[in-house]
Every structure is written in structure tokens, then in C-alpha cells.
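Chain by chain, the residues run as shown.
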Amino acid sequence: MKKIILLSVTTFFIISCNNNNTENKTPNQDTVAAANTTHQEVNDTTNAEETIELDNGQKWKINAEMKPHILAIQNITEAYIKDNSKDYKFLAKQLKEKDDALINSCTMKGKSHDELHKWLHPHLERVEALEKAENNQKASEIISQIKNSFTVFHQYFE
């Protein structure tokens, strides 16, 4: 069931992104292997490693329509941690709403779009896992992973 939901969300995201405006594609990219880009699955499936590439050694540009949603996701997560909140189900609901808004605002195509997916796909899985977390300890581990994923995001995207 998890895989069906995840497949549906991923398919929706891909379709949404491919139905919007195009962006410039740079033909040459530098591959950067970073330990930070290992995305650990938060469910019982096999761990996968995705290496995010830079754009000729530069960060990828995120479309202006998407930036507010990404920053909101980060800010909501950081505020939850700072306030030492315990209602992780409500946090998951907030993050899911912002993720939906992010997906609906997607206008990216090409290599930058593909690279963003390498960060976004594990993020969506983490939010789904947070929604289904059975206790505060497991939720805290997932929230920490969500927070730490923004270090990777800011390393590769602006």
C-alpha cells in the first residue's frame, strides 16, 4: 500500500512538472559525490543512494514560484524543533500541505528538475513516514532527517 501511495504522489509530481513552463538546460554538469546525498529510506525498503549533481560546479536555480514553498517547509520544521513540539501528526499534515503546494507550483524541466527530484523524492517519503510514525521517538528520528535534508538542499540548490 505504501508503494502505491508513493508511486501515485511521484507520478502526480512528474505530470505536474511536465505540464508547465520550460527552463534553460545546461549541457555540461559536474558530478559531485557527497556523503550527504545518501538518502536513507525511513521505511523497510532497501536503502538507495542518489548522487545530486551540480550545474557546472554551480548550484541549480530553483524557480521563483517554488522557493516560498521550500522555505516554508524548512521554516515549519525548524520552528517545530525549536518549540520542542510533540504533535508530530500535525507537523506531518503541515508539511504535506506545503509539499502539495510545492508540487503544484513546479515549472521546472530538464536536468535541474531531475536533480531536484533526487532531493524531493526522499523528502516526500520522510513526510509520509512521519504521518505514519507510531511514537515520538520514531517521529523525532524522521524529523531530524527532514531537517538535515535541507543541508543537502542548500548545498545543491538556490
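Here the residue numbers are simple positions, counted from 1 along each chain's written sequence. Reporting of local features is limited, given that this is a predicted model, to residues whose pLDDT is at least 70; pairs of side-chain atoms are given and counted only at 80 or more, and all residues count toward the totals for whole chains, interfaces and linings. Only hydrogens and water are set aside; all other atoms, that is, all heavy atoms of the structure, feed into the side-chain values.

Asker: How should the nonpolar core be read in this particular structure?
Answerer: Across soluble globular proteins, nonpolar side chains show a tendency to be buried alongside one another. To qualify as a nonpolar core, a set must consist of buried Ala, Val, Leu, Ile, Met, Phe, Trp, Tyr and Cys residues joined through side-chain atoms within 4.5 Å. Only protein chains enter the area calculation, which uses a 1.4 Å probe; residues under 20% of their type maximum are buried, those over 50% are exposed, and those in between are partly exposed. By size, the foremost hydrophobic cluster in this structure holds 34 residues, and its most contacted members are Ile62, Leu95, Leu116, Trp119, Leu130, Phe153 and Phe157. Of all elements in the fold, only α2 (67-82), α3 (88-104), α4 (110-132) and α5 (136-156) reach the threshold of two or more residues within this core. Element by element, the count of residues in this core is highest for α5, at eight residues. Working rule for contacts: check all heavy atoms of both residues, and any pair within 4.5 Å makes them a contact. With residues near it in sequence (within four places) discarded, Phe157 still touches Ile52, Lys59, Trp60, Ile62, Ser112, Glu115, Leu116 and Trp119. Only DSSP runs of H or I covering at least 4 residues are called helices, and only runs of E covering at least 2 are called strands; the numbering of each starts at the N terminus.

Asker: In this structure, what is going on with the environment of Thr107? I would like to understand it.
Answerer: The residue Thr107 is located in the loop between α3 and α4 in this model. Taking C-alpha positions, Thr107 is 7.9 Å from Glu65, a pair spaced 42 residues apart along the chain. Engagement of the side chain of Thr107 in a polar contact is seen with the side chain of Asn63, the distance being 2.2 Å. Two N or O atoms count as a polar contact when they lie within 3.5 Å, although within protein this holds only if one can serve as hydrogen donor and the other as acceptor, and sequence-adjacent residues are included solely when both atoms are side-chain atoms. One polar contact links Thr107 to Glu65, side chain to side chain, over a distance of 3.4 Å.

Asker: Just to check I follow, could you spell out α3 for this structure?
Answerer: Each α-helix winds once per 3.6 residues, and so residues spaced three or four apart point in a common direction. One fewer than the residue count of a helix, multiplied by 1.5 Å, yields its expected span. Counted at 1.5 Å a residue, the expected span for α3 with its 17 residues is 24 Å, and the 24 Å between its end C-alpha atoms agrees. Turning to α3, its buried residues are Tyr88, Leu91, Ala92, Leu95, Asp99, Leu102 and Ile103. With its buried residues spanning 105 degrees around the axis, α3 presents them on a single face. By arc we mean the arc of the directions from the helix axis to the C-beta atoms, nothing more.

Asker: Mind showing me how you'd approach the packing of aromatic side chains here?
Answerer: Between two aromatic rings, the relevant description is the distance of the centres plus the angle of the planes. Centre distance within 6.5 Å is the pairing criterion for rings of Phe, Tyr and Trp, where only the six-membered ring of Trp is used; planes under 30 degrees apart are then read as stacked, over 60 as edge-to-face, and the remainder as tilted. Evaluation of the coordinates by the stated rule reveals four aromatic pairs. When the ring of Phe150 is compared with that of Phe153, the centres are 6.3 Å apart and the planes differ by 65 degrees; the resulting orientation is edge-to-face. One end of the pair is Phe150 and the other is Phe153, both in helix α5 and three residues apart, which spans about a single turn. The residues Phe150 and Phe153 share a single accessibility class, namely buried. An aromatic cluster of three or more residues is present, and its members are Trp119, Phe150, Phe153 and Phe157.

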